[in-house]
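Given next are the chains, with one letter for each unit.
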Amino acid sequence: MKPFHPVDRDITLYFDDVSFSYGAVAVLRHAGFHIHQGEFVALVGPNGSGKTTILKLILGLEEPQAGRIELLGASPRSSRNRIGYVPQQAGYDQAFPISVREVVKMGRLRPLSRKFTAEDSRAVDEALAQVEITDLAARPYTALSGGQRRRVLVARALAASPNFLLLDEPTANMDEESEERLFKTLGRLKGSTTILIVTHDTAFVSSLTDRVLCLGSRENPGNPYGVVQHKTHPESLGAEADSPGNYRINHNSSIPGNSCYEEEGGK
Ligand SMILES: Nc1ncnc2c1ncn2[C@@H]1O[C@H](COP(=O)(O)OP(=O)(O)OP(=O)(O)O)[C@@H](O)[C@H]1O
């Protein structure tokens, strides 16, 4: 695949005029945005606006009908091994006694044929420590709370040393403490890897977020969506300025479009 802009070496993800439909259901129309290496970006939008669809396109599970997508300088399919994907949940059979360490180890099992080395073991230890779950390593995964499981899945993704970390609704059903811990972990990762968080929780848009990609428009219900980019903007400074939720989406009037639902006062 020929790069769009060979000069822009630091671009992790390009969506260039992408349109996508499921049969008669048009989801994206002329969606265009890019994410730079090391950026921390939130993709927000109401239910059904196409966030999961964008995820599928990034992971190469769907192909756009028009436009092009470039991930880490190549097609999504050929680059997806370099993505650390954190799903909302990973189901392991309750009867399958898999430990937290073993789940994180799965992040290193690419390609499947090779043997597990001392370096893999170090990467697993490091990922457990990064997410602060070393103390849970021997516990059965299925015995953990939803929030703890989510952090294990972040560690699994990090164990692969990804160039791009993609998190799908990371705070859904998470208790406050887990959310705070995840926020701290992401803060430590910021800058060292490119991060895209897909969420409809605009409270998670925070001091960590460099940019917000907004999907959807209330003015045109039922129409396919475009993507509008906004900078984040501190709502209140002070002691809690670094906490999640203290930042709001700054609707920069220089950016065309009125397509972020939060503008109308949130959900
Ligand atoms: N496989 C499919 N076939 C047909 N329509 C689909 C399919 N998957 C999703 N859609 C439709 O495409 C639109 C976008 O769905 P998508 O799941 O990407 O939205 P979303 O923003 O992730 O929503 P949510 O916040 O509820 O998870 C919705 O109208 C949805 O009903």
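Residues numbered from 1 in each chain as written. Predicted model: local features only at pLDDT ≥ 70, side-chain atom pairs only at ≥ 80, totals over all residues.

Undergrad: What am I meant to see in the overall build of the protein here?
TA: Check the secondary structure of the protein and you find 6 helices and 10 strands. Across the 267 residues that make up the protein, the buried fraction comes to 39%. Considering only contacts within the protein whose residues lie at least 6 apart along the sequence, 70% involve residues at least 24 apart. (Helix = DSSP H or I, 4+ residues; strand = E, 2+ residues; numbered from the N terminus. Buried ≥ 20, exposed ≤ 12 C-beta atoms within 10 Å, placed from the backbone. Contact = placed C-beta atoms within 7 Å.)

Undergrad: How should the confidence of the model for the protein be read in this particular structure?
TA: Detailed reading of the predicted coordinates is not advisable wherever pLDDT falls low. Overall, the prediction assigns the protein a mean pLDDT of 78, with 72% of residues at 70 or greater. Mean pLDDT values over the elements of the protein span from 49, in strand S10 (residues 247-250), up to 95, in strand S4 (residues 66-71). Contacts from residues 251-259, a stretch scored under 50 in pLDDT, to residues over four places away or in other chains number 18 contacts. In this model residues 261-267 is a low-confidence stretch, pLDDT under 50, and it forms 11 contacts with partners more than four residues away in sequence or in other chains. Confidence metrics for the complex model read pTM 0.82 and ipTM 0.98. (pLDDT = per-residue confidence, 0-100.)

Undergrad: I tried to follow the site of the ligand on my own but got confused; where do I start?
TA: In the neighbourhood of the ligand, the contacting residues comprise Tyr22, Val25, Val27, Gly45, Asn47, Gly48, Ser49, Gly50, Lys51, Thr52, Thr53 and His200. Those elements giving two or more residues to the shell around the ligand turn out to be strand S2 (25-36) and helix H1 (51-58). For the shell around the ligand, the element with the highest residue contribution is H1, accounting for 3 residues. Of the residues that constitute the shell around the ligand, the class distribution is 3 nonpolar, 8 polar and 1 charged. (Near = placed C-beta within 6 Å. Nonpolar A, V, L, I, M, F, W, Y, C, P; charged D, E, K, R; others polar.)

Undergrad: Is there a simple way to explain the nonpolar core in this structure?
TA: Burial of nonpolar side chains together is a common tendency in soluble globular proteins. Leu43, Val104, Ala155 and Leu166 are the most contacted members of the largest nonpolar core, which totals 58 residues. For this core, the element with the most residues is helix H5 (residues 146-159), which contributes 7 residues. Non-local contacts of leucine 166, meaning those with residues more than four positions away in its chain, are made with Leu55, Ile58, Ile83, Gly84, Tyr85, Val86 and Leu196. (Core = buried A, V, L, I, M, F, W, Y, C linked by C-beta atoms within 7 Å.)

Undergrad: How should the sheet that holds S2 be read in this particular structure?
TA: Sheet strands associate in pairs through backbone hydrogen bonding, adopting either a parallel or an antiparallel arrangement. The strand order S2-S1-S4 describes an open sheet built from 3 strands, whose pairing is antiparallel. In this open sheet, the two strands that pair with only one neighbour each are S2 and S4. Averaged over neighbouring strand pairs, the angle between their axes works out to 20° when direction is ignored. Pairing analysis gives 8 bridges linking strand S1 (residues 11-22) to S2, with the strands arranged antiparallel. Within S2, the residue paired with isoleucine 11 across the bridge is histidine 36. (Pairing = 2+ DSSP bridges. Axes fitted to C-alpha atoms, helices over the stretch in contact; angles between N-to-C directions.)

Undergrad: How should the pairing of strand S7 (residues 194-199) be read in this particular structure?
TA: Regular strands have side chains that alternate between both faces of the sheet. With 5 of 6 residues buried, S7 lies mostly within the body of the structure. Of the strand pairs in this sheet, strand S3 (residues 40-44) and S7 are connected by 5 bridges, and their pairing is parallel. Paired with valine 44 across the strands is threonine 199, a residue of S7. In this structure, strand S6 (residues 164-168) lies alongside S7, joined through 5 bridges in parallel fashion. Note on S7: the bridge partner recorded for phenylalanine 164 is threonine 194.

Undergrad: Can you walk me through helix H6 (residues 176-189) in this structure?
TA: Each α-helix winds once per 3.6 residues, and so residues spaced three or four apart point in a common direction. With 14 residues, H6 should reach 20 Å at 1.5 Å per residue; the first-to-last C-alpha distance of 20 Å fits that figure. Arg181, Leu182 and Leu186 are the residues of H6 that are buried. Take H6 and look down its axis: the buried residues cluster within an arc of 135°, on one side only. What points out from H6, more than 90 degrees from its buried face, is the exposed set Glu176, Glu177 and Arg188. Buried positions along H6 lie against H5 and S7. Looking one or two residues beyond H6, the residue adopting positive phi is glycine 191, at roughly 95°. (Expected span 1.5 Å × (residues − 1). Arc of directions from axis to C-beta.)

Undergrad: Just to check I follow, could you spell out the packing of helix H4 (residues 118-130) against H5 for this structure?
TA: Each packed pair of helices is defined by two parameters, the angle between the axes and the distance between the axes. Relative to each other, H4 and H5 sit at 140°, their axes nearing to 8 Å. With respect to H5, the axis of H4 lies oblique. For H4 against H5, the interelement crossing comes out right-handed. Note on element contacts: H5 touches H4 through Ala155, Leu158 and Ala159, opposite Ala123, Val124, Ala127, Leu128 and Gln130. (Parallel < 35°, antiparallel > 145°, perpendicular 65-115°, else oblique. Left-handed = near helix turned anticlockwise from the far one by under 90°.)

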